[in-house]
Amino acid sequence: MKRFAMLFAAAAALSLSGNAAAAGTQPARTQIVVFKAASMTATQSANGNCWTSSIASRRADAYRCMTKNSISDPCFALTSRSVACPSALDPKTGIRINLDKPFPAPQGRSQRTPYMMKLAGGITCNMGTGTVMPGYPFYCTGNWVCATPQISHPGAPVFVACGQPQTPTAVTAVGKYLVTTLYE
């Protein structure tokens, strides 16, 4: 019951913030943040390697990396022998991986696409890097899933379709929610 109340409160906050912004009572705004590896504070450091490009980010400097039995994705080149892997909840902090092997050959990608977003109401969403819900590749706190946000033009508020997964292929309670921050 407590979990239902928390989910209902989060849904109400998301819905109200999106509706208020649309009604003009509060300006809707989406900030786009381009992750810079050098600005991340490493909360831990480990040795490991990156074996392929990132699944979560389409940037040319983004990799999928491993330390012991733990996979981090995305990780962004910090130096020629290290990467910065931002935390799934706060991209200002994360793990620094010192590479045992050189980077893999580049795969010719250079798009900036969101790998993480924060929604009005405090929900944090990260791009899924394994099996994902069809049409909803972002997995969020509070058991939410979201579609890929579409940026119409810089400076415009971004809204995204989100809902609650009911089965591996069905999402219910789908609504449009304001994205307050997109991380690329």
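Residues numbered from 1 in each chain as written. Predicted model: local features only at pLDDT ≥ 70, side-chain atom pairs only at ≥ 80, totals over all residues. Heavy atoms only, no water.

## Considering the side chain of Asp 73
Following the sequence through the fold, Asp 73 ends up in strand 4 (residues 70-79). Among the polar contacts made by the side chain of Asp 73, one reaches the main-chain amide nitrogen of Ile 55 at a distance of 2.9 Å. Not counting chain neighbours up to four residues away, the residues in contact with Asp 73 comprise Ser 54, Ile 55, Ala 56, Tyr 63, Arg 64 and Thr 129. (Helix = DSSP H or I, 4+ residues; strand = E, 2+ residues; numbered from the N terminus. Polar contact = N/O pair within 3.5 Å; in protein donor to acceptor, adjacent residues only side chain to side chain. Contact = heavy atoms within 4.5 Å.)

## So, the nonpolar core
Formed by 31 residues in total, the largest nonpolar core has its most connected members in Met 117, Leu 119, Cys 125, Cys 146 and Val 160. At the level of secondary structure, the elements contributing two or more residues to this core comprise strand 7 (116-119), strand 8 (124-127), strand 9 (138-140), strand 10 (144-146), strand 11 (158-165) and strand 12 (171-183). At 5 residues, strand 12 tops the list of elements feeding residues into this core. (Core = buried A, V, L, I, M, F, W, Y, C linked by side-chain atoms within 4.5 Å. Buried < 20%, exposed > 50% of the residue type's maximum accessible area, 1.4 Å probe, protein only.)

## Brief notes about the pairing of strand 5 (residues 82-86)
A large share of strand 5 lies buried, amounting to 5 of its 5 residues. The alternating pattern of strand 5 places Ser 82, Ala 84 and Pro 86 on one face and Val 83 and Cys 85 on the opposite face, and all of these are buried. Bridging between strand 4 and strand 5 involves 3 bridges; their strand directions are antiparallel. In the strand pairing of strand 5, Phe 76 is matched with Ala 84. Hairpin connection from strand 4 to strand 5: 2 residues lie between these consecutive antiparallel strands. Two strands pair when backbone bridges link them, and strand 5 and strand 6 (residues 93-99) are joined in this way by 5 bridges, in the antiparallel orientation. (Pairing = 2+ DSSP bridges.)

## A look at the pairing of strand 8
Of the two faces of strand 8, both are covered, the one formed by Thr 124 and Asn 126 as well as the one formed by Cys 125 and Met 127. Taken together, the 3 bridges between strand 7 and strand 8 define a ladder with antiparallel strand orientation. Of the residues in strand 8, the one forming a bridge with Met 117 is Cys 125. Connecting the antiparallel pair strand 7 and strand 8 is a turn made up of 4 residues, with Gly 121 showing a positive phi of about 100°. By the bridge criterion, 3 bridges tie strand 8 to strand 9 in an arrangement that is antiparallel. From the neighbouring strand, Cys 125 faces strand 9, where its bridge partner is Cys 140.

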